[in-house]
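# Working through the structure, step by step
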Amino acid sequence: MARLTRAESQARTRELLLATARRLFLRDGYHATSLEKVAETAGFSKGAVYSNFGTKDELCQTVIESVRAEQVRAIMDAFLGEGSDEDRLAVFEAWAERTIGDPGWTLLEAEFAIHATRRDPGLRDQVAVSGRSWVSALQLLLENEASRREVALPLPAAELADALLSLGVGLGLRRAVDPAVSPRALTDMIRLLLAR
């Protein structure tokens, strides 16, 4: 078996640390997950964590951005997939049922946002900028769907995207507390916005 180069070894260490941090942050939350715990669970020294991530905030934000990127891809795949309009909305609805209100992700996002807002204006700004990627993705999807369906949106796509994200976040928080809450309102709102 070939030996890894230094760069390959560093990349592998980073991947393992990220995977471990993701599992711990999603399971235990931001505050309960320490850098020491991430290092120990991954089988590395705390120094290995610091050589890859300057702070716990940076590590957590990297984990959150990774989860967000996966979810944005899943939403894009749903809307850009094959089938009728209703087929694609059904794929999105299945994603919403599986994902919106996931206790690990939802509560980590909320806990980290509160932490950033209360502790560090610079971090708060970074979290805000990162969150805008959701709005941009939703705006693009709405514009594409409206164009494909040849319908005019009732408001600017950016405003609608922000409203849909807010609805999704609210539903997510409610579902994390009460799993009986349905995320269907989000899909129904998209249906209304894109009705011919």
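Residues numbered from 1 in each chain as written. Predicted model: local features only at pLDDT ≥ 70, side-chain atom pairs only at ≥ 80, totals over all residues. Heavy atoms only, no water.

If you check an unreviewed UniProt entry, the chain appears there as TetR/AcrR family transcriptional regulator from Actinomadura barringtoniae.

### Quick notes on the overall build of the chain
Note the following rule: Per the convention used, a helix needs a DSSP run of H or I reaching at least four residues, while a strand needs a run of E reaching at least two, with both numbered from the N terminus. Burial here depends on accessible area, computed with a 1.4 Å probe over protein chains only, as a share of the maximum for the residue type. Under 20% is buried, over 50% is exposed, and the range in between is partly exposed. Here, two residues are considered to be in contact whenever any of their heavy atoms come within 4.5 Å of each other. Here the Shrake-Rupley method, with its probe set to 1.4 Å, supplies the accessible areas, and only the displayed protein chains count as covering residues. None of His or the chain ends enter the tally, which takes Lys and Arg as positive and Asp and Glu as negative. Charge positions are represented by NZ for Lys, CZ for Arg, CG for Asp and CD for Glu.
Counting its regular elements, the chain contains nine helices and zero strands. When the 196 residues of the chain are sorted by exposure, 41% land in the buried category. Long-range contacts, defined as pairs at least 24 residues apart, comprise 65% of the intrachain contacts of the chain with a sequence gap of at least 6. Taken as a whole, the chain presents about 11000 Å² of accessible surface, with 55% of it coming from carbon and sulfur. Charge centroids of the chain, computed over 25 positive and 28 negative side chains, lie 5 Å from each other.

### Some thoughts on the UniProt feature "DNA-binding region" (unreviewed entry) in the chain
What counts is decided by this rule: UniProt positions are given in the numbering used here, feature names are shortened, and annotations may be inferred rather than shown by experiment.
Within this structure's numbering, the places UniProt gives as "DNA-binding region" (unreviewed entry) are residues 34-53. Helix makes up 75% of residues 34-53 and strand 0%, whereas the separation of the span's terminal C-alpha atoms amounts to 13 Å.

### Re the confidence of the model for the chain
Our working rule: The predictor's confidence in any single residue is recorded as pLDDT, a number from 0 to 100.
Put simply, the chain has an average pLDDT of 92, and 98% of its residues get 70 or more. The least confident element of the chain, judged by mean pLDDT, is helix α7 (residues 121-149) at 90; the most confident is helix α2 (residues 35-42) at 96.

### With respect to unusual backbone geometry
Phi at Glu150 takes a positive value of approximately 60°, unusual for a residue other than glycine. Within the secondary structure, Glu150 sits in the loop between α7 and α8 (157-177). Residue Glu150 is classed as exposed on the basis of its relative accessible area of 74%.

### Let's talk about α2
Short version of the rule: The arc refers to the directions leading from the helix axis to the C-beta atoms.
Of the positions making up α2, those classed as buried are Leu35, Val38, Ala39 and Ala42. For α2, the angular spread of buried residues about the axis comes to 95°, placing them on one side. Tucked inside the fold, the buried residues of α2 contact α1 (6-28), α3 (46-52) and α4 (56-80).

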